[in-house]
Amino acid sequence: MKIVGGKWSNWSGGVVCKPKAFVAPKDEVELAAAVRTGAGPVRVPGTGHSFTPLNATDGTIVDLAAFDGLKGFDPHTQVATFGAATHLWEIGPLLHPLGVGLKNMGDIDRQTIGGVVGTGTHGTGPTLGSFSDAVAGFRLLLANGEILHCSPEENPEIYAAGRCSFGSLGVMIEIAVKVRDAYKLSEKNFLMPIDELWEKLDDLVASNRHFEFFWFPYADVAICKSLNETDAPAPEPRSAEYMRARGEKRGADANLFEWINEILPYAPFFLRRAHRLFSGGMSAGDRVRWSHEILPSARTTRFNEMEYAVPYEKGPETIRRIVSEIRRRKINTGFPIEYRTVAADDVWLSPFYQRKTATIAVHQYHRVNTGPLFDMCESIFRSVEGRPHWGKRHTRTRAEFAEIYPKFGEFRALRAKLDPEGKFLNSHLRTIFEG
Ligand SMILES: Cc1cc2nc3c(=O)[nH]c(=O)nc-3n(C[C@H](O)[C@H](O)[C@H](O)COP(=O)(O)OP(=O)(O)OC[C@H]3O[C@@H](n4cnc5c(N)ncnc54)[C@H](O)[C@@H]3O)c2cc1C
């Protein structure tokens with residue numbers, strides 16, 4: 001948790017708050033007391049990798065660090081239970097000796113399991129759901145100190161709502177996750193001319209377990225990446241300590257990327273050349289690794305991000321419109337647009353609720369004003385019934401959420417029942433649920 005001079009800040013530095021109190025309960029009794037008696041709003045961050053002010057509060061920040069590690073594993077159902085503050089980089093080394101692994105992961109492994117479940121964090125793959133979708137059950141501490149077990153059998157409504165609820169219903173203490181047999185993945189990286197990509201995209205998505213592409217908008221090629229299961233030999237998996245350090249490792253490429261991002265705002269004439277340079281240089285070699293080592297990468301250059309989930313069939317048209325507007329308006333950005341796919345799920349506020357999805361993410365270097373790029377993109381995302389990632393920048397309001405989420409009214413009613421005094425609501429969440 002990043003606390004400097006009594007202030008909490010998120011990963012990008014775009015959200016900063018000064019709470020009255022930081023508390024680090026050692027057990028459930030102390031946690032219940034902290035939630036019941038702490039000054040509101042009570043917020044429970046993971047590692048602060050969200051770009052939205054989900055964790056901002058002038059009340060109480062609860063540090064859940066004591067609630068980590070593997071709590072149980074049932075080999076028959078292949079369900080593993082973790083303390084909610086367990087980092088993703090810890091999970092692979094914990095599961096691998098049991099012969100199992102997570103079904104999917106996103107771009108990085110820095111976050112906590114509570115955080116990624118909290119916002120519906122996802123990777124890529126048309127048959128693969130988000131972290132919220134993989135949850136088999138959880139224990140939830142309510143504002144009044146009561147602890148509920150939630151699963152399809154016990155408190156099924158809270159199970160359906162709570163799997164993507166960004167700490168608005170209560171504090172998740174333990175989370176049970178559906179896992180699968182351990183597996184290796186073979187990664188292929190290649191460049192494809194953008195016009196050719198549109199002809200092949202559906203096939204590439206359907207024929208690979210994971211497929212994604214990055215498009216620097218002033219270049220005419222896509223940087224493509226596919227991953228598929230393999231029996232080919234892979235290096236022995238590394239220790240948790242190695243995985244912890246690996247995600248913060250900074251290579252020469254990252255230094256060059258950051259340096260160019262520092263100068264680009266003052267050198268717009270260099271945009272096209274920079275995007276061509278990045279497109280050629282960012283395609284890594286092919287390799288085979290165990291899933292938890294190959295799915296996440298290190299992201300050491302700070303940025304802010306907006307990502308929307310759009311209906312799968314509208315994905316290509318949406319990203320083309322975005323790139324064409326970036327070029328027409330000559331918007332200055334040093335980052336690529338990321339395109340992924342996610343399977344439909346049944347989690348009430350999941351961006352993938354009952355919808356096969358393409359996700360489109362735009363980024364800006366952390367020192368660059370996000371307004372021109374993000375405002376333009378959001379108006380396009382709105383026009384295609386896009387649903388924002390809860391942890392990434394958006395400006396959507398309660399009335400709009402009621403339109404794009406069929407279960408939004410039921411979620412609000414349940415939330416008000418579980419937390420009648422609004423103990424967990426900061427001003428950002430009030431805008432979403434009450435504004
Ligand atoms: C470099 C980078 C790469 C990223 N890559 C991806 C990606 O590939 N795919 C993707 O979908 N997203 C991605 N994200 C977004 C990120 O995964 C989400 O914002 C995620 O929620 C962050 O997890 P965290 O542990 O940092 O949680 P935080 O950001 O600290 O918190 C997120 C929410 O979860 C809640 N929460 C956390 N723990 C608990 C708990 N125990 N009980 C109740 N509520 C809790 C918090 O209250 C908050 O509302 C990325 C972000 C960054 C900065």
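Residues numbered from 1 in each chain as written. Predicted model: local features only at pLDDT ≥ 70, side-chain atom pairs only at ≥ 80, totals over all residues. Heavy atoms only, no water.

Draft legend 1. A look at the site of the ligand. Contacts to the ligand come from 36 residues, most closely from Gly46, His49, Ser50, Asp107 and Thr119. One nitrogen or oxygen atom from the side chain of Arg43 is found 3.3 Å from an oxygen atom belonging to the ligand. Considering the ligand on its own, with 980 Å² of exposed area, one finds that the protein chains cover 99% of that surface. Among the elements of the structure, α3 (113-119) and β12 (171-181) are those that each provide at least two residues to the shell around the ligand. The dominant element in the shell around the ligand, judged by the number of residues it contributes, is α3, at 4 residues. A per-class count over the shell around the ligand returns 13 nonpolar, 18 polar and 5 charged. (Near = heavy atom within 4 Å. Polar contact = N/O pair within 3.5 Å; in protein donor to acceptor, adjacent residues only side chain to side chain. Areas by Shrake-Rupley, 256 points an atom, 1.4 Å probe, with all protein chains shown as cover. Helix = DSSP H or I, 4+ residues; strand = E, 2+ residues; numbered from the N terminus. Nonpolar A, V, L, I, M, F, W, Y, C, P; charged D, E, K, R; others polar.)

Draft legend 2. Broad picture of the environment of Asp27. Inspection of the secondary structure assignment puts Asp27 in the loop between β4 (21-23) and α1 (28-37). Taking the relative accessible area as the measure of exposure, Asp27 reaches 36% and is therefore partly exposed. Distance from Asp27 to Glu421, taken between C-alpha atoms, is 24 Å for residues 394 residues apart in sequence. At 3.2 Å, the side chain of Asp27 and the backbone nitrogen of Val29 are in polar contact. (Buried < 20%, exposed > 50% of the residue type's maximum accessible area, 1.4 Å probe, protein only.)

Draft legend 3. The arrangement of the sheet that holds strand β3 (residues 16-17) in detail. Reading across the sheet, the 3 strands line up as β1-β2-β3 and stay open at both edges, with antiparallel pairing between neighbours. Two strands in the sheet have a free side with no partner beyond their single neighbour: β1 (3-4) and β3. Relative to β3, strand β2 (residues 7-9) runs antiparallel, the two being bridged by 2 bridges. What sits directly across from Trp8, in β3, is Cys17. (Pairing = 2+ DSSP bridges.)

Draft legend 4. Geometry of the pairing of β12. When you tally the buried positions in β12, you get 8 out of 11 residues, the bulk of the element. In the sheet, strand β8 (residues 79-83) pairs with β12 via 5 bridges, with the strands oriented antiparallel. By the bridge assignment, Gly83 is partnered in β12 with Glu174. For strand β10 (residues 135-141) and β12, the ladder comprises 6 bridges, and the chain directions are antiparallel. From the neighbouring strand, Gly137 faces β12, where its bridge partner is Ala176.

Draft legend 5. Region of interest: helix α2 (residues 88-95). Of all 8 residues in α2, 7 are buried, a share of seventy percent or more. Those residues of α2 not exposed but buried are Leu88, Trp89, Glu90, Ile91, Gly92, Pro93 and Leu95.

Draft legend 6. Spotlight on the packing of aromatic side chains. Under the defined criterion, the tally for this structure stands at 19 aromatic pairs. Pairing Phe216 with Phe278 gives two aromatic rings, centres 5.0 Å apart and planes at 35°, and the pair type is tilted. Note that Phe216 is positioned in the loop between β14 (210-215) and β15 (221-230) and Phe278 in helix α8 (residues 271-281), a separation of 62 residues in sequence. Just as Phe216 is buried, Phe278 falls in that class too. Ring pairing ties together the aromatic residues Trp11, Phe51, Phe216, Phe257, Phe278, Phe303 and Phe335, which thus form one cluster. The aromatic ring of Tyr183 is capped on one face by Arg180, whose charged end is 3.9 Å from the ring centroid. Between Arg320 and the ring centre of Trp198, over which it is positioned, the NZ or CZ distance is 4.9 Å. (Phe/Tyr/Trp six-rings, centres within 6.5 Å; stacked < 30°, edge-to-face > 60°. Lys NZ or Arg CZ within 6 Å of the ring centre and 35° of its normal.)

Draft legend 7. Local environment of the side chain of His292. Mapped onto the elements of the fold, His292 is located in helix α9 (residues 291-294). On the basis of relative accessibility, which here comes to 10%, the residue His292 falls in the buried class. Contact partners of His292, with chain neighbours within four places excluded, come to Gly92, Pro93, His96, Met105, Pro237, Met243 and Arg246. (Contact = heavy atoms within 4.5 Å.)

Draft legend 8. The arrangement of the domain arrangement of the chain in detail. The assigned domain composition of the chain is domain 1 (3-62), domain 2 (70-182) and domain 3 (184-388). Using C-alpha coordinates to define each centre, domain 2 is positioned 24 Å away from domain 3. Taken together, the contact pairs 33 residues of domain 2 with 38 residues of domain 3. Carbon and sulfur atoms make up 58% of the area that domain 2 and domain 3 hide from each other, which totals about 3,100 Å². Summed over the shared surface of domain 2 and domain 3, the result is 5 salt bridges. In this structure, the salt-bridge partner of Glu229 is Arg180, at a minimum N-O distance of 3.0 Å. Taken together, the connections running from domain 2 to domain 3 amount to 16 residue pairs in polar contact (both at pLDDT 80 or more). When residues of the side of domain 2 that touches domain 3 are traced back to their parent elements, those giving at least two are α2 and α4 (156-162). (Domains from an automatic or database assignment. Buried area = accessible area lost by both parts, 1.4 Å probe. Salt bridge = Lys/Arg side-chain N within 4 Å of Asp/Glu carboxyl O.)

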